[in-house]
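Descriptive structure summary
Here is what each chain is made of, one letter per residue.
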Amino acid sequence: MVIMEEIYEAFDYTEQINVYSDGVKTRYSAGDDGYNKILAGWNKMIEGAHQMPALGVSINKLTLQEMQKNLWVEFAFSKQYECCGMPFEKLLVAVNKDYYGFNLIRYNTEYGYEGRCYYIDLVGKNMSEFYELLNNL
């Protein structure tokens, strides 16, 4: 397990990015053009953002149901990482153009999308550019 201080460090280690649009999954592997565009857009969006304590937790069954509608992006890693005492193998985000902050939902093989989340405040920015990028791939 790799331990990091800030959750932002994790995205440098993403092996695959999955985009879910109304339940339809599209995979982008490291090095693909789509992968590079998504990661560049993501990094631009979170530049200057603040990591904060999350107010909620994820319940696997409900998260899987919610992933069947709207737009989601999932960052998958080749091994387990940990930040703030919370391990993860994937990080999932609901993408909405009007969001000014969002939960990063942790995934672990043993529990799925179950448990505490990370929260990212975009500090005056919203997800609109990232939302448009994902919708236009």
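From a predicted model like this one, the values you see are computed outputs, not experimental measurements.

1. So, the pattern of salt bridges
Considering all chains together, one arrives at three salt bridges under this definition. Taking the shortest distance from any N to any O, the salt bridge between Glu129 and Lys44 comes out at 2.9 Å. Pair noted here: Glu129 is in helix H3 (residues 128-135) and Lys44 is in helix H1 (residues 33-46), with a separation of 85 residues, a long-range link. Glu129 sits in the exposed class, given a relative accessible area of 56%. For Lys44, a relative accessible area of 51% translates into the label exposed.

2. Brief notes about the environment of Ile46
Within the secondary structure layout, Ile46 lies in helix H1. Along the sequence, Ile46 and Lys79 sit 33 residues apart, while their C-alpha atoms lie 23 Å from each other. Here Ile46 is in contact with Tyr8, Phe11, Phe102 and Leu122, once residues within four sequence places are set aside.

3. Details of the packing of H1 against H3
Taken N-terminus to C-terminus, the directions of H1 and H3 make an angle of 170 degrees; their axes are 9 Å apart at the nearest point. Between H1 and H3, the angle falls in the class roughly antiparallel. Here Lys37, Ile38, Gly41, Trp42, Lys44 and Met45 of H1 lie close against H3, whose contacting residues are Glu129, Phe130, Leu133 and Leu134. Tallied by class, residues from the contact of H1 with H3 come to six nonpolar, one polar and three charged.

Thresholds, definitions, all that
- Residues numbered from 1 in each chain as written.
- Predicted model: local features only at pLDDT ≥ 70, side-chain atom pairs only at ≥ 80, totals over all residues.
- Heavy atoms only, no water.
- Salt bridge = Lys/Arg side-chain N within 4 Å of Asp/Glu carboxyl O.
- Helix = DSSP H or I, 4+ residues; strand = E, 2+ residues; numbered from the N terminus.
- Buried < 20%, exposed > 50% of the residue type's maximum accessible area, 1.4 Å probe, protein only.
- Contact = heavy atoms within 4.5 Å.
- Axes fitted to C-alpha atoms, helices over the stretch in contact; angles between N-to-C directions.
- Parallel < 35°, antiparallel > 145°, perpendicular 65-115°, else oblique.
- Nonpolar A, V, L, I, M, F, W, Y, C, P; charged D, E, K, R; others polar.

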